[in-house]
Amino acid sequence: MVLELHVWGPAFSLPSIDAQCLAAIAYFSLVVPKDRWVLIASSDPSVSPSNELPALRNGNTWVSRFSNIVDYLRQYSDGEWQLDGELSGLKRADSIAFSSFIEARGQPLLDLSLYVSSRNYFANTSPAYAAILQWPNQWIIPPKVRSAAKARTEHLGLSSLDLVAVEEQKERERSAAVTTGQIPKNLIQRPRDTVSSLLGRTSQQHQFKLDALTTDVFELLETLLADKPYLLTEDRATGLDCLVLGYLSLALFPELPHPWLRDAIRSKAPKLARYTERMRRTCFGSSVTVSDAFKDGNNNIADAVSLPWKAPERVSFTAIGSTLLNTLADATPILKDLRVSKRLREAAESPDSGFSREESKAVTEYARAKKTDLLVSIASVAAGIAALVGYAFHVGLLTVGNPDEEEEEAYEGYEGDGTVEGLSGMQAGDFLSVL
């Protein structure tokens, strides 16, 4: 059976816009024969039960995340399709440690460079998503991805690489200056620094903050690489090489208006930059375009490393309706919280969650408790509203009556013949007396 690797589609001349997807593609290109797998740029996490990409499909079996896909390939092929089989125990420990390191430290750098920066995001990243997504996902997914990137980098204390944020900061500074005469200086909140403002300043303190974001990653990997052709071995790539390639490719190759991350890797780790360029040619071949992903078969027969693309299926009307309904539900406060709890529980109970049995149980119980608390809150609010409405009826603020009966009561004082002629025979003074 042919394996299907579902990924986010091409961008920046790379076969995917996502680092984990690039890592999975690199691994497949090195270990799996071309006639045994196809690459599908579905660019839709909902194709996978775990709602994640990359996702490997083998019949009815789905596996997501790079590390889980690597383990599945090893088991599926009885150890034939693996890169780390000959590593010693120490090398395996190094591979696990550095893999965790690049995922923890590399992703925030990509978030800042490609998503948080409004200059880079609106000029390059957002159009790249628009080219690989079908309607209506091209309007829904990119803002969600950017919001997630901002949330992941919030702990860095650098709110954005955003020129808009800089203008907002200047406006806050001007507003603070205007009110200085009315509010004591110690009560005026200083605007929070952004990475854009840090880049625009020459002070050593701010430059150190920026350097620390890149030095921790690039110089450490440069030291690990040394003069070897690969990060851990002299003769062959490992899973760590594939994972590092995924993250460094998105740091080095995108042509951005504000290429601070690319400049950092080239200046601080030139060997690492050359290594990334070489690994890219080995694993991905020539430059990849969006059109390559939407036609079946190898893009260039003469290219030995051309990727086995298979065109994704066209989105159905049912899928479009489901996307719109899910988006509406995620935008509704109560439904959003309920869905988050459900996804958290499903992720914890998934076989490829990566949690231990105790961790999975703890997360599941937390998700259920959160759902219960939310339902109790909803019931409390509903009971409060019902009590308020009942009290309003009790004191007469609200009444339920028959409009016809009220109209009859309004005319009880009129002594006419009850006909239209009777009304017409009234004198003006009599009519006014009735009123």
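Note that the structure is a prediction, hence the values are computed from the model and not measured.

Caption draft 1: Focus on the pattern of salt bridges. Evaluation of the coordinates by the stated rule reveals 9 salt bridges. Here arginine 236 ties to glutamate 86 by a salt bridge, and the two come within 3.8 Å at their closest N and O atoms. Here arginine 236, found in the loop between helix 8 (204-225) and helix 9 (239-252), pairs with glutamate 86, found in the loop between helix 2 (66-76) and helix 3 (89-116); they are 150 residues apart in sequence, far enough to count as distant. Relative accessible area serves as the criterion here: at 29%, arginine 236 is assigned to the partly exposed category.

Caption draft 2: Geometry of empty space enclosed by the protein. Under the definition given, this model contains 1 cavity of 30 Å³ or more. Around the largest cavity, the lining residues are Ile102, Gly106, Leu109, Leu110, Val217, Phe218, Tyr247, Leu248, Ala251 and Leu261. Within the residue set of the lining of the largest cavity, elements represented by two or more residues are helix 3, helix 8 and helix 9. Split into classes, the residues belonging to the lining of the largest cavity amount to 9 nonpolar, 1 polar and no charged.

Caption draft 3: Just the packing of aromatic side chains, in detail. According to the stated counting rule, one finds 7 aromatic pairs in the structure shown. On the basis of an interplanar angle of 50° and a centroid distance of 6.2 Å, the ring pair of tyrosine 115 and tyrosine 129 is categorised as tilted. Here tyrosine 115 is found in helix 3, whereas its partner tyrosine 129 is found in helix 4 (residues 118-132), with 14 residues between them in sequence. Taking the relative accessible area as the measure of exposure, tyrosine 129 reaches 3% and is therefore buried. Taking 5.0 Å as the distance between ring centres and 80° as the angle between the ring planes, the aromatic pair formed by tyrosine 121 and phenylalanine 122 counts as edge-to-face. Taking the relative accessible area as the measure of exposure, phenylalanine 122 reaches 54% and is therefore exposed. One aromatic cluster is present, built from ring pairs that chain together Trp8, Tyr115 and Tyr129.

Caption draft 4: Inspection of the nonpolar core at higher detail. Of all hydrophobic cores here, the largest spans 88 residues; its most connected members are Leu5, Ile17, Phe28, Leu73, Phe218 and Leu272. Those residues in contact with phenylalanine 218, other than ones at most four positions away along the chain, are Leu109, Leu248, Leu261, Ala264, Ile265, Ala269 and Leu272.

Caption draft 5: Structural view of the layout of surface pockets. Taken as a whole, the second largest pocket holds about 480 Å³ of empty space. In this structure, the second largest pocket is lined by 20 residues; those nearest its centre are Ser67, Val70, Asp84, Ser95 and Ile96. Secondary structure elements with two or more residues in the lining of the second largest pocket: helix 1 (19-31), helix 2, helix 3 and helix 9. At 6 residues, helix 3 tops the list of elements feeding residues into the lining of the second largest pocket.

Caption draft 6: Summary view of the sheet that holds strand 3 (residues 55-58). With mixed pairing, the 4 strands of this open sheet are ordered in space as 2-1-3-4. Two strands close off the open sheet at either side, each with one partner strand: strand 2 (37-40) and strand 4 (61-64). Shown here is a sheet whose adjacent strand axes are inclined to one another by a mean of 20°, direction ignored. With 4 bridges connecting them, strand 1 (residues 3-6) and strand 2 associate as parallel partners. The partner of leucine 5 across the bridge, within strand 2, is leucine 39. Of the strands in this sheet, strand 1, strand 3 and strand 4 are in contact with helix 2, which crosses strand 4 at around 135°.

Here is what the cut-offs are and how they apply
- Residues numbered from 1 in each chain as written.
- Predicted model: local features only at pLDDT ≥ 70, side-chain atom pairs only at ≥ 80, totals over all residues.
- Heavy atoms only, no water.
- Salt bridge = Lys/Arg side-chain N within 4 Å of Asp/Glu carboxyl O.
- Helix = DSSP H or I, 4+ residues; strand = E, 2+ residues; numbered from the N terminus.
- Buried < 20%, exposed > 50% of the residue type's maximum accessible area, 1.4 Å probe, protein only.
- 1 Å grid on protein atoms, 1.4 Å probe; cavity = no way out; pocket = protein on both sides within 12 Å on 5 of 7 lines; lining within 4 Å.
- Points joined across faces, edges and corners; volume = space filled by probe spheres on them.
- Nonpolar A, V, L, I, M, F, W, Y, C, P; charged D, E, K, R; others polar.
- Phe/Tyr/Trp six-rings, centres within 6.5 Å; stacked < 30°, edge-to-face > 60°.
- Core = buried A, V, L, I, M, F, W, Y, C linked by side-chain atoms within 4.5 Å.
- Contact = heavy atoms within 4.5 Å.
- Pairing = 2+ DSSP bridges.
- Axes fitted to C-alpha atoms, helices over the stretch in contact; angles between N-to-C directions.

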